[in-house]
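Residues per chain are reported as follows:
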Amino acid sequence: MSESKPQRRLRSTALDETDHRIIEVLARDGRAQSTTIGEELGLSGNLVANRIRAMDSGGLMRVVAVADHRIHGYRMVARIRLQVTGRPPIEVAQEMALRDDVLSVHITSGRYPVSCLYAFHNAREMLEAVRNASADIPGVEDVDVELVNNVYRYIPAVGPLGT
(Lines give C-alpha, C1' and ligand atoms only; values in the text may rest on other atoms or scores of the structure.)
Protein backbone atom coordinates (compact mmCIF):
# COMPACT_ATOMS: atom_id res chain seq x y z
CA MET A 1 0.00 0.00 0.00
CA SER A 2 1.54 3.35 -1.02
CA GLU A 3 1.85 6.30 1.31
CA SER A 4 -0.71 9.02 0.56
CA LYS A 5 0.63 12.29 -0.80
CA PRO A 6 0.31 15.25 1.62
CA GLN A 7 -2.40 17.62 0.50
CA ARG A 8 -2.66 21.36 0.81
CA ARG A 9 -3.45 22.14 4.43
CA LEU A 10 -7.07 22.98 5.19
CA ARG A 11 -7.82 25.51 7.90
CA SER A 12 -8.19 23.66 11.17
CA THR A 13 -6.98 23.78 14.72
CA ALA A 14 -4.94 20.57 14.52
CA LEU A 15 -1.45 19.99 13.19
CA ASP A 16 -0.92 16.88 11.12
CA GLU A 17 2.27 14.85 10.61
CA THR A 18 3.40 16.98 7.65
CA ASP A 19 2.96 20.18 9.70
CA HIS A 20 5.04 18.71 12.52
CA ARG A 21 7.80 17.75 10.07
CA ILE A 22 7.86 21.28 8.63
CA ILE A 23 8.01 22.77 12.14
CA GLU A 24 10.91 20.46 13.06
CA VAL A 25 12.94 21.79 10.12
CA LEU A 26 12.06 25.40 10.97
CA ALA A 27 13.03 24.80 14.61
CA ARG A 28 16.51 23.81 13.42
CA ASP A 29 16.75 26.64 10.90
CA GLY A 30 14.08 29.33 11.07
CA ARG A 31 15.46 30.91 7.90
CA ALA A 32 15.10 27.77 5.76
CA GLN A 33 13.45 28.40 2.40
CA SER A 34 10.28 26.53 1.49
CA THR A 35 12.04 24.84 -1.42
CA THR A 36 14.86 23.62 0.86
CA ILE A 37 12.37 22.30 3.40
CA GLY A 38 10.43 20.63 0.60
CA GLU A 39 13.57 18.92 -0.73
CA GLU A 40 14.42 17.59 2.72
CA LEU A 41 10.90 16.30 3.33
CA GLY A 42 10.11 15.12 -0.18
CA LEU A 43 7.46 17.80 -0.71
CA SER A 44 7.04 20.63 -3.20
CA GLY A 45 8.20 24.07 -2.14
CA ASN A 46 4.74 25.46 -2.94
CA LEU A 47 3.08 22.93 -0.64
CA VAL A 48 5.48 23.83 2.18
CA ALA A 49 4.94 27.58 1.65
CA ASN A 50 1.15 27.15 1.65
CA ARG A 51 1.22 25.08 4.83
CA ILE A 52 3.49 27.59 6.60
CA ARG A 53 1.14 30.44 5.60
CA ALA A 54 -1.90 28.47 6.76
CA MET A 55 -0.32 27.57 10.12
CA ASP A 56 0.77 31.17 10.62
CA SER A 57 -2.58 32.72 9.66
CA GLY A 58 -4.41 30.12 11.76
CA GLY A 59 -2.34 31.03 14.82
CA LEU A 60 -0.91 27.51 15.02
CA MET A 61 2.69 28.54 14.45
CA ARG A 62 4.88 31.57 14.12
CA VAL A 63 8.51 31.93 13.21
CA VAL A 64 10.43 34.23 15.55
CA ALA A 65 14.05 35.20 15.98
CA VAL A 66 15.68 34.76 19.37
CA ALA A 67 18.62 37.04 20.03
CA ASP A 68 21.71 35.74 21.82
CA HIS A 69 22.32 38.32 24.55
CA ARG A 70 26.06 37.70 24.55
CA ILE A 71 26.43 38.67 20.90
CA HIS A 72 24.87 42.03 21.73
CA GLY A 73 27.32 42.69 24.56
CA TYR A 74 25.16 41.67 27.51
CA ARG A 75 27.31 39.82 30.02
CA MET A 76 24.73 39.34 32.78
CA VAL A 77 21.16 38.07 32.94
CA ALA A 78 19.26 38.64 36.17
CA ARG A 79 15.78 38.33 37.58
CA ILE A 80 14.69 41.23 39.78
CA ARG A 81 11.81 40.23 42.02
CA LEU A 82 9.59 42.80 43.73
CA GLN A 83 7.69 42.54 47.01
CA VAL A 84 4.60 44.73 46.77
CA THR A 85 2.39 46.25 49.47
CA GLY A 86 -0.40 48.79 49.35
CA ARG A 87 -1.36 48.20 45.72
CA PRO A 88 -2.18 45.23 43.50
CA PRO A 89 0.89 43.45 42.10
CA ILE A 90 -0.68 43.55 38.62
CA GLU A 91 -0.42 47.36 38.65
CA VAL A 92 3.27 47.17 39.51
CA ALA A 93 3.80 44.53 36.82
CA GLN A 94 2.04 46.68 34.21
CA GLU A 95 4.19 49.66 35.17
CA MET A 96 7.38 47.58 34.96
CA ALA A 97 6.32 46.24 31.56
CA LEU A 98 6.42 49.81 30.18
CA ARG A 99 10.16 50.05 30.81
CA ASP A 100 12.44 49.59 27.82
CA ASP A 101 15.17 47.78 29.77
CA VAL A 102 12.93 44.95 31.02
CA LEU A 103 12.90 41.78 28.88
CA SER A 104 9.86 40.19 30.50
CA VAL A 105 7.56 40.70 33.48
CA HIS A 106 5.73 37.91 35.33
CA ILE A 107 3.21 37.65 38.14
CA THR A 108 4.31 34.87 40.46
CA SER A 109 3.34 33.36 43.79
CA GLY A 110 5.10 33.86 47.08
CA ARG A 111 6.77 36.77 48.82
CA TYR A 112 7.84 38.47 45.54
CA PRO A 113 4.76 38.47 43.27
CA VAL A 114 6.37 40.50 40.45
CA SER A 115 9.38 39.05 38.66
CA CYS A 116 11.26 40.91 35.91
CA LEU A 117 13.95 39.47 33.64
CA TYR A 118 16.77 41.76 32.53
CA ALA A 119 20.02 41.57 30.55
CA PHE A 120 22.89 43.86 31.55
CA HIS A 121 26.21 44.89 30.05
CA ASN A 122 27.79 45.17 33.51
CA ALA A 123 27.13 45.13 37.26
CA ARG A 124 26.65 48.89 37.37
CA GLU A 125 23.62 48.61 35.06
CA MET A 126 22.20 45.86 37.26
CA LEU A 127 22.58 47.93 40.44
CA GLU A 128 20.95 50.92 38.74
CA ALA A 129 17.97 48.79 37.67
CA VAL A 130 17.55 47.48 41.22
CA ARG A 131 17.73 51.02 42.60
CA ASN A 132 15.20 52.30 40.03
CA ALA A 133 12.75 49.46 40.73
CA SER A 134 12.75 50.13 44.46
CA ALA A 135 12.73 53.95 44.24
CA ASP A 136 10.53 54.78 41.27
CA ILE A 137 7.64 52.35 41.64
CA PRO A 138 5.02 53.04 44.35
CA GLY A 139 4.18 49.95 46.39
CA VAL A 140 7.55 48.21 46.01
CA GLU A 141 8.58 47.31 49.54
CA ASP A 142 11.55 45.01 48.91
CA VAL A 143 13.68 43.88 45.98
CA ASP A 144 15.43 40.55 45.48
CA VAL A 145 17.99 39.87 42.74
CA GLU A 146 18.79 36.48 41.20
CA LEU A 147 21.84 36.52 38.96
CA VAL A 148 21.71 33.85 36.26
CA ASN A 149 25.19 32.32 36.37
CA ASN A 150 24.92 29.72 33.60
CA VAL A 151 22.21 28.70 31.16
CA TYR A 152 22.44 24.97 30.53
CA ARG A 153 19.33 24.65 28.45
CA TYR A 154 17.01 27.14 26.85
CA ILE A 155 14.22 26.05 24.52
CA PRO A 156 12.24 28.94 23.06
CA ALA A 157 9.43 26.72 21.79
CA VAL A 158 5.83 27.74 22.37
CA GLY A 159 3.38 25.10 23.49
CA PRO A 160 3.54 21.32 23.44
CA LEU A 161 4.11 21.01 19.68
CA GLY A 162 5.59 17.56 20.05
CA THR A 163 2.36 16.01 21.30
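Per chain, the residues get numbers from 1 upward, laid out in the order the sequence is written. In keeping with the predicted nature of the model, local features appear solely for residues at pLDDT of at least 70, side-chain atom pairs appear and are counted solely at 80 or more, and the whole-chain, interface and lining totals rest on all residues. Note: side-chain values were computed over all heavy atoms of the structure, leaving out hydrogens and water.

Peer 1: I tried to follow the pairing of strand E3 (residues 114-120) on my own but got confused; where do I start?
Peer 2: Burial analysis of E3 places six of its seven residues in the buried class, the great majority of the element. Across seven bridges, strand E1 (residues 76-84) lies against E3 in antiparallel orientation. Bridge pairing in E3 links Arg-79 to Leu-117. DSSP calls a pair of strands paired once it identifies at least 2 bridges connecting them. Secondary structure elements are taken from DSSP: a helix is a run of H or I of four residues or more, a strand is a run of E of two residues or more, and numbering for both begins at the N terminus. As defined by bridge partners, strand E2 (residues 102-107) adjoins E3 across five bridges and the pair is classed as antiparallel. Bridged to Val-102 within E3 is Tyr-118. Counted along the chain from E2 to the antiparallel partner E3, the turn is six residues long, and its residue Gly-110 has a positive phi close to 100 degrees. Burial classes: relative accessible area under 20% of the type maximum marks a residue as buried, over 50% as exposed, and values in between as partly exposed (1.4 Å probe, protein chains only).

Peer 1: Explanation requested: the packing of helix H1 (residues 17-28) against helix H3 (residues 45-57) in the structure shown.
Peer 2: The relative placement of two packed helices comes down to the angle between their axes together with the axis-to-axis distance. Think of each axis as a best-fit line through the C-alpha atoms, taken over the contacting stretch in the case of a helix, with angles from 0 to 180 degrees between the N-to-C directions. Direction vectors running N to C along H1 and H3 enclose 90 degrees, while the axes themselves pass 11 Å from each other. Judged on the interaxial angle alone, H3 and H1 are roughly perpendicular. Of H3, the residues touching H1 (which contributes Thr-18, Asp-19, Ile-22, Ile-23 and Leu-26) are Val-48, Arg-51, Ile-52 and Met-55. For the contact of H1 with H3, the residue count by class is six nonpolar, one polar and two charged. Just so you know how the angles are binned, under 35 degrees is roughly parallel, over 145 roughly antiparallel, 65 to 115 roughly perpendicular, and the rest oblique. Contacts between residues were defined by any pair of non-hydrogen atoms, one from each residue, lying within 4.5 Å. By the convention adopted, Pro, Cys, Tyr, Trp, Phe, Met, Ile, Leu, Val and Ala count as nonpolar, Lys, Arg, Asp and Glu as charged, and the other residues, Gly among them, as polar.

Peer 1: Help me understand H1 in this model?
Peer 2: Because an α-helix completes one turn every 3.6 residues, residues spaced three or four positions apart along the sequence face the same direction. In this model H1 runs 17 Å from its N-terminal to its C-terminal C-alpha over twelve residues, within 8% of the 16 Å that 1.5 Å per residue would give. Residues Thr-18, Asp-19, Ile-22, Ile-23, Val-25 and Leu-26 constitute the buried set of H1. Buried residues in H1, looked at end-on, bunch into an arc of 160 degrees, giving them a common side. Away from the buried face of H1 by more than 90 degrees, exposed residues Glu-17, Glu-24, Ala-27 and Arg-28 are located. Its side-chain oxygen 3.1 Å from the backbone nitrogen of Thr-18, Asp-16 forms the N-cap of H1. Take the residue count of a helix, subtract one, and multiply by 1.5 Å to get its expected span. Relevant arc is that of directions from the helix axis to the C-beta atoms, nothing else. Polar contacts, as used here, are pairs of N or O atoms within 3.5 Å; protein pairs need one atom able to donate a hydrogen and one able to accept it. Residues neighboring in sequence count only if both atoms are side-chain atoms.

Peer 1: What should I look at first to understand the pattern of salt bridges in this one?
Peer 2: Close approach of charged atoms allows side chains of opposite charge to pair. By convention in these notes, a salt bridge is any Lys or Arg side-chain nitrogen within 4 Å of a carboxyl oxygen on Asp or Glu. This model, assessed by the stated rule, comprises nine salt bridges. The shortest N-O distance in the salt bridge between Arg-81 and Asp-144 comes to 2.7 Å. Taken as a pair, Arg-81 in strand E1 and Asp-144 in strand E4 (residues 140-148) lie far apart in primary sequence, 63 residues in all. For Arg-81, a relative accessible area of 24% translates into the label partly exposed. Notably, a salt bridge pairs Glu-95 with Arg-87, separated by 3.1 Å at the nearest N-O pair. A relative accessible area of 26% places Glu-95 in the partly exposed class. In the salt-bridge network here, residues are joined through shared partners; they are Asp-16, Asp-19 and Arg-51.

Peer 1: Explain the side chain of Gln-83 here, please?
Peer 2: Relative to the elements of secondary structure, Gln-83 occurs in strand E1. Gln-83 sits in the buried class, given a relative accessible area of 15%. When sequence neighbours within four positions are dropped, the list of residues in contact with Gln-83 reads Arg-111, Tyr-112, Pro-113, Gly-139, Val-140, Glu-141 and Asp-142.

Geometric values such as these leave the question of function open.
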